[in-house]
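# Chain and residue survey
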Amino acid sequence: MQDSLDLIVTERTENHARILLAARAGSTIGDITGVVRGPYCEFTKTLTADFHFKATATGGGVEALVMEPCYWTAQMPFWYDLRLKVKTQGGTEREEILPAGIKRFNCEGRNLRLESKRIVLRGLRFDSPTENDLRIARNCETALWVTNSGEDVCQMASRLGVPLIIDLRGNDLAVNNVVRQLAWYPAVFVVLVSTDQLAELGSDSPRQTFVAIIVNAQDHEPSGKHDAIVIELSGGERPPAWAATCDKPVIAVRIDVASQIKSARAGCDRLQAELAPELSLAGYFV
């Protein structure tokens with residue numbers, strides 16, 4: 001059902017968060033009732049509560065006010081169950097339980113911030129991780145850049161606390177719909193798209209996920225409506241000069257370095273040390 005509903009979280013304060021659900025254009029979803037129940041976390045005990053959905057003032061969906069929310073972090077990956085009764089426009093009713101997490105993640109100038117603290121993403125490219133791979137990544141405090149990012153991978157990473165960069169280049173699906181669907185998964189920090197895909201992202205898309213484009217060391221600083229930039233570096237290459245003054249977060253990836261999850265952090269630290277001191281970037285991947 002995530003492919004038919006937009007999840008939009010607003011008013012992320014210490015006291016409350018507002019969760020809005022809205023059916024996408026062309027969806028057969030009609031009336032929605034239910035509750036947000038949680039929080040849950042695999043790594044700590046929680047005391048759950050129910051927060052009821054009600055119609056929005058504008059009639060554009062339903063919303064629930066979650067009091068004293070537990071926000072998602074890699075250390076404490078909290079999630080909530082959206083327990084819904086959905087009636088289709090044809091009159092059929094069904095019940096769904098949709099897990100979702102809420103996090104306070106934003107771009108501030110050249111920095112990425114989670115829970116108001118600057119973070120630096122460090123990890124490696126890893127296609128189609130299993131649950132065991134994700135558990136190793138969590139233990140090693142390692143983010144993953146993945147291409148085959150089915151719902152199962154995004155859901156497991158969200159439950160276990162593994163930040164993800166999702167590479168959508170080459171994905172034949174409508175990028176607008178994919179980006180909107182990924183908003184359900186708090187582990188997804190950045191979505192990587194091609195220049196053509198970036199042009200397809202409409203202004204009507206409720207952007208809950210940060211979008212980055214990828215360039216190489218010889219490219220000029222890109223312009224556009226992306227939120228972050230990834231620079232691919234071959235062996236011995238350094239980022240272009242504009243990376244030091246860019247007003248958006250920049251993530252470097254060394255494309256000729258092979259690594260395993262257990263050694264990825266050390267490889268990222270070496271890349272960071274190699275690019276220091278003139279560059280302080282938002283992420284390093286090997």
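Refer to the preceding data block for the structure.
Before going into details, it helps to say that this report is about the structure given with it. (Residues numbered from 1 in each chain as written. Predicted model: local features only at pLDDT ≥ 70, side-chain atom pairs only at ≥ 80, totals over all residues. Heavy atoms only, no water.)

In terms of helices and strands, the protein carries 5 helices and 19 strands. For the protein, whose C-alpha radius of gyration is 19 Å, the value lies close to the compact-globule estimate of 19 Å for 286 residues. Dimensions along the principal axes, computed over C-alpha positions, put the protein at roughly 60 × 40 × 30 Å. Every one of the 286 residues in the protein was classed for burial, and the buried ones make up 51%. When contacts within the protein are restricted to residue pairs at least 6 apart in sequence, those whose partners lie at least 24 apart make up 57%. Just so you have it, the protein exposes about 13200 Å², and 48% of that area is on carbon and sulfur atoms. (Helix = DSSP H or I, 4+ residues; strand = E, 2+ residues; numbered from the N terminus. Rg over C-alpha atoms; globule rule 2.2 N^0.38 Å. Buried < 20%, exposed > 50% of the residue type's maximum accessible area, 1.4 Å probe, protein only. Contact = heavy atoms within 4.5 Å. Areas by Shrake-Rupley, 256 points an atom, 1.4 Å probe, with all protein chains shown as cover.)

Comment: phi is negative for the bulk of residues other than glycine, and the bulk of peptide bonds are trans. Note that the residue after G38, namely P39, is joined by a cis bond; omega there is 10°. Checked against the element boundaries, P39 lands in strand 3 (residues 29-40). In this model, A276 is joined to P277 through a cis peptide bond whose omega is 5°. Within the secondary structure, P277 is located in the loop between helix 5 (261-275) and strand 19 (283-285). The residue E68 is not glycine, and still its phi comes out positive at about 45°. Tracing the chain through its elements places E68 in the loop between strand 6 (62-67) and strand 7 (79-88).

Quick look at helix 1 (residues 131-139) now. The set of residues buried in helix 1 consists of D133, L134 and A137. Each buried residue of helix 1 sits inside an arc of 95° when the element is viewed along its axis, so together they form one side. Exposed and facing more than 90 degrees away from the buried side of helix 1 are N132 and N139. Where helix 1 is buried, its residues contact strand 13 (143-146), helix 2 (151-160) and helix 5. At the C-terminal side of helix 1, E141 shows a positive phi close to 55°. (Arc of directions from axis to C-beta.)

Bringing the side chain of T209 into the picture now. The residue T209 is located in the loop between helix 4 (195-200) and strand 16 (210-216) in this model. Every residue in contact with T209, bar those within four places of it in the chain, is listed here: V179, L182, A183, V188, V191 and D227.

Structurally, the position occupied by D81 is in strand 7. The exposure class of D81 is buried, given its relative accessible area of 11%. Within the structure, D81 has its side chain in polar contact with the side chain of W79 (distance 3.4 Å). When sequence neighbours within four positions are dropped, the list of residues in contact with D81 reads V35, V36, R37, Y40, I97, L98 and P99. (Polar contact = N/O pair within 3.5 Å; in protein donor to acceptor, adjacent residues only side chain to side chain.)

Strand order in the open sheet made by the 4 strands is 4-3-7-8, with antiparallel pairing throughout. Looking at the sheet topology across the chains shown, the edges are occupied by strand 4 (49-52) and strand 8 (93-100). Each adjacent strand pair in this sheet contributes to an overall mean axis angle of 20°, direction not counted. Sheet topology places strand 3 next to strand 7; 8 bridges connect them, and they run antiparallel. Across the sheet, residue T33 finds its bridge partner in strand 7, namely K85. (Pairing = 2+ DSSP bridges. Axes fitted to C-alpha atoms, helices over the stretch in contact; angles between N-to-C directions.)

The next point concerns the nonpolar core. Core analysis: the biggest nonpolar cluster contains 92 residues, and V36, F53, L82, L84, L144, L164 and W184 have the highest contact counts within it. V36 has contacts with I19, A49, D50, F51, F53, A64, V66, Y80, D81 and L82, leaving out every residue within four places of it along the chain. (Core = buried A, V, L, I, M, F, W, Y, C linked by side-chain atoms within 4.5 Å.)

Further remarks concern the state of the cysteines. All chains considered together, the criterion is met by 0 disulfides. The thiol of C154 is not disulfide-bonded; the next cysteine sulfur, from C107, is found 18 Å away. Residue classification places C154 among the buried positions, given a relative accessible area of 1%. (Disulfide = S-S within 2.5 Å.)

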